[in-house]
Structure formats: C-alpha cells, structure tokens
Amino acid sequence: MHMMEELLVVTTGGTIDKIYFDDKSDYQIGDPQIGMILRELGVTFRFNVIPILRKDSLHINDEDRELIRATIAAQPTRHVLVTHGTDSMVQTGKVLATIPDKTIVMTGALSPARFRGSDAEFNIGCASGAVQSLPTGVYIAMNGRIFDPQHVRKNVAANRFESV
C-alpha cells in the first residue's frame with residue numbers, strides 16, 4: 001500500500017452542510033463544512049476541497065451527476081472523498097463507478113454538521129480512513145460501515161444504510 005499524497009474532497013451539499021432557520025422551519029445548504037472538520041480533527045494529509053453543488057440530494061439530477069463524475073475524472077488525484085446527501089447517494093455512486101483508477105468514498109450525514117451530536121464528523125473520519133486503505137473503486141461510508149453502492153440502500157424508516 002502506498003501513502004496517499006493528497007485527498008480530493010468534492011462537496012455536493014446535502015444534510016451535512018444544511019443550516020436550519022427555526023422561525024421558518026426552513027433550511028438552506030450552507031458553505032461546505034468538511035474543510036473545517038478535517039482541520040479540527042487534526043488530519044496530517046493535504047486536502048483540496050472543490051465545492052460543486054449546494055443541493056439537497058433529492059434535487060440532484062442526471063446532469064448534476066455527470067458534472068460530479070466529469071469533475072472527479074478530470075482531476076489527477078487518485079483518492080477522492082465526496083460529501084453528498086444521503087437520499088440519492090447510491091444513485092450518484094453508481095455513476096461514479098464508471099471512473100477508472102481512483103478510490104472514491106462517498107459520505108454524508110443524517111443530521112447537519114452544525115448540530116451537536118451529528119454523525120458528520122464520525123462519517124468523515126470513517127471515510128478518510130477508508131479512502132486511504134481501500135482498493136480502487138467506489139464506496140459509501142455511513143453508520144460506521146463501508147458499502148458497495150451496487151448493494152446498499154438507505155432505510156428511511158430506520159434512518160440508516162443497510163446492505164441489500
């Protein structure tokens with residue numbers, strides 16, 4: 001196994017970056033939180049954050065998925081972490097599987113990174129370790145587990161990812 005030179009981080013929005021406005025019971029996707037989280041966690045690898053979208057994943061369409069795929073494919077970096085909303089993460093993962101010679105790990109959060117008790121930091125930590133140790137391919141890191149996008153689904157009722 002060789003040492004990861006640099007981590008490419010691609011952000012697409014999703015719950016991980018949401019800001020809620022209590023008075024309106026509304027939200028918007030804020031600035032990507034992952035750079036701050038990685039710095040706070042004290043990682044010792046270099047990383048570059050490319051924000052592509054600021055969308056709830058229910059609103060990510062095929063054009064957006066192609067933009068994400070093309071952006072990642074165009075970068076020379078072999079190790080890629082993608083933050084993505086959980087509702088359509090699996091569909092995007094299947095599109096990213098067409099990119100050769102990269103290790104891509106997708107992660108997100110079931111509650112916003114700004115919320116106390118959010119799973120965001122834990123998922124980012126799991127994804128950061130996974131992207132350095134897994135062979136080339138596309139993976140989803142959620143709930144402390146690593147999944148193949150071809151064999152996972154989000155169980156909305158249980159609010160977790162599970163193998164299928």
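Residues numbered from 1 in each chain as written. Predicted model: local features only at pLDDT ≥ 70, side-chain atom pairs only at ≥ 80, totals over all residues. Heavy atoms only, no water.

## Some thoughts on the overall build of the protein chain
Here is step 1: From N to C terminus, the protein chain includes four helices and ten strands.
Here is step 2: Along the protein chain, helices and strands appear, N-terminal first, in the series β-β-β-α-β-α-β-α-β-α-β-β-β-β.
Here is step 3: Against the 2.2 N^0.38 benchmark of 15 Å for 164 residues, the protein chain shows a C-alpha radius of gyration of 15 Å, consistent with a compact globule.
Here is step 4: The principal-axis extent of the C-alpha atoms belonging to the protein chain is close to 50 × 35 × 30 Å.
Here is step 5: Looking at the protein chain alone, contacts between residues at least 24 apart form 63% of all its contacts between residues at least 6 apart.
Here is step 6: Carbon together with sulfur atoms contributes 49% to the accessible area of the protein chain, which is approximately 8,300 Å² in total.
Here is step 7: Charge-centre separation for the protein chain: the mean point of 17 positive side chains lies 3 Å from the mean point of 19 negative side chains. (Helix = DSSP H or I, 4+ residues; strand = E, 2+ residues; numbered from the N terminus. Rg over C-alpha atoms; globule rule 2.2 N^0.38 Å. Contact = heavy atoms within 4.5 Å. Areas by Shrake-Rupley, 256 points an atom, 1.4 Å probe, with all protein chains shown as cover. Lys, Arg positive; Asp, Glu negative; His and termini not counted. Charge placed at Lys NZ, Arg CZ, Asp CG, Glu CD.)

## What to know about the UniProt feature "active site" (unreviewed entry) in the protein chain
Here is step 1: Within this numbering scheme, the UniProt entry marks Thr15 as carrying the feature "active site" (unreviewed entry).
Here is step 2: Within the fold, Thr15 resides in the loop between strand 1 (6–13) and strand 2 (18–21).
Here is step 3: With residues near it in sequence (within four places) discarded, Thr15 still touches Gly85, Ala109, Leu110, Ser111, Pro112 and Ala113. (UniProt positions renumbered as here; feature names shortened; annotations may be inferred.)

## Quick word on the nonpolar core
Here is step 1: Residues Ile72, Val82, Leu96, Ile104, Ile140 and Phe161 are the most contacted members of the largest nonpolar core, which totals 22 residues.
Here is step 2: Listing elements by their share of this core, those giving two or more residues are strand 1, strand 4 (46–55), helix 2 (62–74), strand 5 (79–83), helix 3 (89–96), strand 6 (103–107) and strand 7 (137–142).
Here is step 3: Residue contacts for Ile104: discarding those within four places in its chain leaves Ile72, Val80, Val82, Leu96, Ile99, Gly137, Val138 and Tyr139.
Here is step 4: Leu38, Leu81, Ala109 and Ile124 belong to the second largest nonpolar core, which has 18 residues in total. (Core = buried A, V, L, I, M, F, W, Y, C linked by side-chain atoms within 4.5 Å. Buried < 20%, exposed > 50% of the residue type's maximum accessible area, 1.4 Å probe, protein only.)

## So, the sheet that holds strand 8 (residues 145–147)
Here is step 1: Spatial strand order, 4-1-5-6-7-8: six strands in an open sheet with mixed pairing. Of all strands in the sheet, those with a lone pairing partner are strand 4 and strand 8, marking the two edges. Taken over all neighbouring pairs, the strand axes of this sheet differ in orientation by 25° on average, direction set aside.
Here is step 2: Where strand 5 lies against strand 6, five bridges are found, and the strand directions are parallel. When the sheet's bridge partners are listed, Leu81 is paired in strand 6 with Val105.
Here is step 3: In this fold helix 1 (residues 34–41) packs onto strand 1, strand 4 and strand 5, with an angle of close to 150° to the strand it touches most, strand 4.
Here is step 4: On top of the sheet, helix 2 reaches strand 1, strand 4, strand 5 and strand 6; it is set at about 165° to strand 4, its chief contact. (Pairing = 2+ DSSP bridges. Axes fitted to C-alpha atoms, helices over the stretch in contact; angles between N-to-C directions.)

## A few points about the pairing of strand 10 (residues 160–163)
Successive residues of a regular strand alternate their side chains across the two faces of the sheet.
Here is step 1: The sheet contact formed by strand 9 (residues 152–155) and strand 10 spans four bridges and is antiparallel. The residue bridging Asn155 from the neighbouring strand is Arg160, located in strand 10.
Here is step 2: In sequence, strand 9 turns back onto strand 10 through a hairpin of four residues, with Asn159 there showing a positive phi of about 55°.

## Points about the side chain of Asp119
Here is step 1: Inspection of the secondary structure puts Asp119 in the loop between strand 6 and helix 4 (120–133).
Here is step 2: For the buried residue Asp119, which engages in no salt bridge, the nearest side chain bearing the opposite charge is Lys154, 9.0 Å off.
Here is step 3: Every residue in contact with Asp119, bar those within four places of it in the chain, is listed here: Ala109, Leu110, Ser111 and Met142. (Salt bridge = Lys/Arg side-chain N within 4 Å of Asp/Glu carboxyl O.)

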